[in-house]
Amino acid sequence: MSKEFYEDMWHKIKDLKQPFVGEVSNKKKDGSECWQELHISPILDQSGEIRFFIAIEPDITDRKTKDQFREEFLSLGGHQLRNPLTAISWTLDLLFKRGELTQAQQKALGDVYKHNKNLCNLIDDLLVLSRVEKGDTQTEVVSLDSEIEGIIAMTKKRFPALSLFFEKKGDTFSIRTNKSLSHQIFSNIILNAAEYSYKKA
């Protein structure tokens, strides 16, 4: 592990006299690599001074391997599935708007569109889960009103028959958040509202 890892560990158990919990990459006696979950607690005497430490170090190699496999599967599988599902969704949109379909055909395509949309939402959730587990949630100052205006402009192009309005109070509204995740949240809300409104029109 890094020098900073051990500095933080010793600072917590020796200086702060608090329990430490972490995960360490280690090597067994045979030279094979392994992962251990580290639990170290200082044992204090009556005057509050450290007498000794007690530690528990269970082997978590199997769990770490499974976690890594799950993360790679979520990320790779999600990205590989997202593009074709989006293409299917756009194709169905075009068929609904431009195709001369019978009621039976419209109903069949509507069912396909609904199931495809559910899969798209599932893939989006998997990708978000993957990013969160990787710690890929850096924040920045985001102009929320500009993001929403951009999403509405995109939605208007996709659903030209709908009238969409966005009313804001003040010049701007900025928050510190993860830009891509916040964009995805508002995109889902606005696009879902537009899709259901379009179907009712």
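This section reports on the structure supplied with the text. The structure displayed is predicted, hence computed values, not measured ones.

Once that is clear, we can look at the overall build of the protein chain. Counting its secondary structure elements, the protein chain contains five helices and five strands. Starting at the N terminus and ending at the C terminus, the protein chain contains elements arranged as α-β-β-β-α-α-β-α-β-α. In terms of C-alpha radius of gyration, the protein chain reaches 26 Å, well past the compact-globule figure of 17 Å for 201 residues. Its C-alpha atoms give the protein chain principal-axis dimensions of about 80 × 50 × 25 Å. Out of the 201 residues in the protein chain, the part that is buried amounts to 24%. Long-range pairs, those at least 24 residues apart, make up 58% of the contacts in the protein chain with a sequence separation of at least 6.

Counting through the fold element by element, Gln36 comes out in strand β2 (residues 33-44). Residue Gln36 is classed as buried on the basis of its relative accessible area, which comes to 13%.

In this structure the tally under the stated criterion is nine salt bridges. Lys17 is the partner of Glu49 in a salt bridge, and the nearest nitrogen-oxygen pair spans 4.0 Å. Taken together, the positions of Glu49 in the loop between β2 and β3 (50-56) and Lys17 in the loop between α1 (3-15) and β1 (20-27) put the pair 32 residues apart, joining distant regions of the chain. Taking relative accessible area as the criterion, Glu49 reaches 44% and is therefore assigned partly exposed. Here Lys17 falls in the partly exposed class, since its relative accessible area comes to 30%. Measuring nitrogen to oxygen at the nearest pair gives 3.5 Å for the salt bridge that ties Lys107 to Asp111. With Lys107 and Asp111 both in helix α3 (residues 103-134) and four residues apart, the pair spans about one turn of that helix. Three or more residues joined by partner-sharing salt bridges are found here, namely Glu23, Glu37, Arg63 and Lys64.

Of the strand pairs in this sheet, β1 and β2 are connected by eight bridges, and their pairing is antiparallel. The partner of Phe20 across the bridge, within β2, is Ile40. Where β1 folds back onto β2 in an antiparallel hairpin, the turn is made up of five residues, including Gly31, whose phi is positive at roughly 95 degrees.

We now examine α1. Between the first and last C-alpha of α1 there are 17 Å, a value that for 13 residues agrees with the 18 Å anticipated at 1.5 Å per step. Within α1, the full set of buried residues consists of Phe5, Met9 and Ile13. The buried residues of α1 occupy an angular sector of 40 degrees when the element is viewed end-on, so they sit on one face. Projecting away from the buried face of α1 at angles above 90 degrees are the exposed residues Lys3, Glu4 and Asp15. Looking at the buried residues of α1, the elements they touch are β1, β2 and β3. Lys17 occupies a position one or two residues after α1 and carries a positive phi of about 60 degrees.

Okay, helix α4 (residues 144-158) next. Over its 15 residues, α4 runs 21 Å from end to end, which matches the ideal 21 Å to within 8%, given 1.5 Å per residue. Turning to α4, its buried residues number three or more, namely Leu144, Asp145, Glu147, Ile148, Ile151, Ile152, Thr155 and Arg158. Relative to the axis of α4, the buried residues are bounded by an arc of 155 degrees and lie together on one face.

Below, the discussion takes up the packing of aromatic side chains. Inspection of every chain in the model, using the stated rule, returns three aromatic pairs. Their ring planes at 90 degrees and their centres at 5.3 Å tell us that Phe5 and Tyr6 sit as a pair that is edge-to-face. By relative accessible area, Phe5 is classed as buried at 16%. Tyr6 sits in the partly exposed class, given a relative accessible area of 35%. In textbook terms, an aromatic cluster arises when at least three aromatic residues are bridged by ring pairs, as seen for Phe5, Tyr6 and Phe20. If you follow Lys64 out to its NZ or CZ, it ends over the ring of Trp35, 4.4 Å from the centre.

Criteria and thresholds
Residues numbered from 1 in each chain as written. Predicted model: local features only at pLDDT ≥ 70, side-chain atom pairs only at ≥ 80, totals over all residues. Heavy atoms only, no water. Helix = DSSP H or I, 4+ residues; strand = E, 2+ residues; numbered from the N terminus. Rg over C-alpha atoms; globule rule 2.2 N^0.38 Å. Buried < 20%, exposed > 50% of the residue type's maximum accessible area, 1.4 Å probe, protein only. Contact = heavy atoms within 4.5 Å. Salt bridge = Lys/Arg side-chain N within 4 Å of Asp/Glu carboxyl O. Pairing = 2+ DSSP bridges. Expected span 1.5 Å × (residues − 1). Arc of directions from axis to C-beta. Phe/Tyr/Trp six-rings, centres within 6.5 Å; stacked < 30°, edge-to-face > 60°. Lys NZ or Arg CZ within 6 Å of the ring centre and 35° of its normal.

This is a description of form; function is not addressed.
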